[in-house]
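The primary structure of each chain is shown beneath.
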Amino acid sequence: MPMGTDTPPTAKSGRSERIDTRARDASWRKPPRRIEKSECITCDTCVRSCPPEFGAIFDRGLDVVIVPELCSGCPVCVLVCPVDCIYVDEDWSPTGNDTWTHIELTAESTP
């Protein structure tokens, strides 16, 4: 499956805006994904595979997380996960401040 299939036309320019507003794109119809920590082997395959226009998956050392405000719900991470630990997250909750601080710091160092 091509990576750009589920990519909205404005996704690339919108990542910075989503980080600034800490909100999901209102046009995204699919719910975000989540990683089941008890099943994840922290291989980081999903981190490396998440399209850069979303950049929704982060390795926090002991666990890997998907930031729902940055996740479009595309299936790229699901397709590459060797242990099938990534699920649709219909009941997602907002990301905490600690994670947003990490995201803002990494976003500044990204070209």
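Residues numbered from 1 in each chain as written. Predicted model: local features only at pLDDT ≥ 70, side-chain atom pairs only at ≥ 80, totals over all residues. Heavy atoms only, no water.

### Side note on the overall build of the chain
Within the chain one finds four helices and four strands. Secondary structure elements of the chain occur, N-terminal to C-terminal, as α-β-α-β-β-α-β-α. For the chain, with 111 residues in total, the buried portion stands at 42%. Of the contacts made within the chain by residues no fewer than 6 positions apart, 70% connect residues no fewer than 24 positions apart. Here the chain displays about 6,600 Å² of accessible surface, and carbon together with sulfur accounts for 53% of that area. (Helix = DSSP H or I, 4+ residues; strand = E, 2+ residues; numbered from the N terminus. Buried < 20%, exposed > 50% of the residue type's maximum accessible area, 1.4 Å probe, protein only. Contact = heavy atoms within 4.5 Å. Areas by Shrake-Rupley, 256 points an atom, 1.4 Å probe, with all protein chains shown as cover.)

### Side note on the packing of aromatic side chains
Evaluated as defined, the whole model comprises one aromatic pair. With centroids separated by 5.7 Å and ring planes inclined at 75 degrees, the aromatic side chains of Trp28 and Phe54 adopt a geometry described as edge-to-face. Here the residue Trp28 occupies a position in the loop between helix 1 (11-21) and strand 1 (33-35), and Phe54 occupies one in the loop between helix 2 (45-49) and strand 2 (57-59), the gap between them amounting to 26 residues. With respect to class, Trp28 is no different from Phe54; both count as buried. (Phe/Tyr/Trp six-rings, centres within 6.5 Å; stacked < 30°, edge-to-face > 60°.)

### A closer look at the environment of Gly55
Note that Gly55 resides in the loop between helix 2 and strand 2. Under the relative-accessibility criterion, Gly55 is labelled buried at 17%. Contacts of Gly55, omitting those with residues within four sequence positions, involve Arg15, Cys50 and Leu70.

### Let's talk about the confidence of the model for the chain
Looking at the chain, pLDDT values average 87 and 84% of them are 70 or higher. Low pLDDT, under 50, characterises residues 1-5; the stretch is placed with five contacts to residues that sit more than four places away or in other chains. The model gives residues 7-12 a pLDDT under 50, and that stretch makes nine contacts with residues more than four places away or in other chains. (pLDDT = per-residue confidence, 0-100.)

### Examining the nonpolar core
In terms of nonpolar packing, the biggest core is built from 24 residues, with Ile35, Cys46, Ile57, Ile66, Leu70, Ile86 and Ile103 touching the most fellow members. At the level of secondary structure, the elements contributing two or more residues to this core comprise strand 2, strand 3 (64-66), helix 3 (76-80) and helix 4 (97-109). Considering every element that reaches this core, the biggest residue donor is strand 3, with three residues. Setting aside anything within four residues of it in sequence, one finds Ile103 in contact with Ile19, Phe58, Val67 and Leu70. (Core = buried A, V, L, I, M, F, W, Y, C linked by side-chain atoms within 4.5 Å.)

### Notes on the environment of Arg60
The residue Arg60 is located in the loop between strand 2 and strand 3 in this model. Along the backbone, Arg60 and Thr99 are 39 residues apart, and their C-alpha atoms lie at a distance of 8.9 Å. Ignoring any residue separated from it by four or fewer positions in sequence, one finds Arg60 in contact with Lys37, Val65 and Thr99.

### Thoughts on the state of the cysteines
Within the structure shown, the criterion is met by zero disulfides. Not part of a disulfide, Cys74 finds its nearest cysteine sulfur in Cys50, a span of 6.3 Å. Judged by its relative accessible area of 8%, Cys74 is buried. Of the cysteine sulfurs around Cys81, a residue in no disulfide, the closest is that of Cys85, at 3.7 Å. (Disulfide = S-S within 2.5 Å.)

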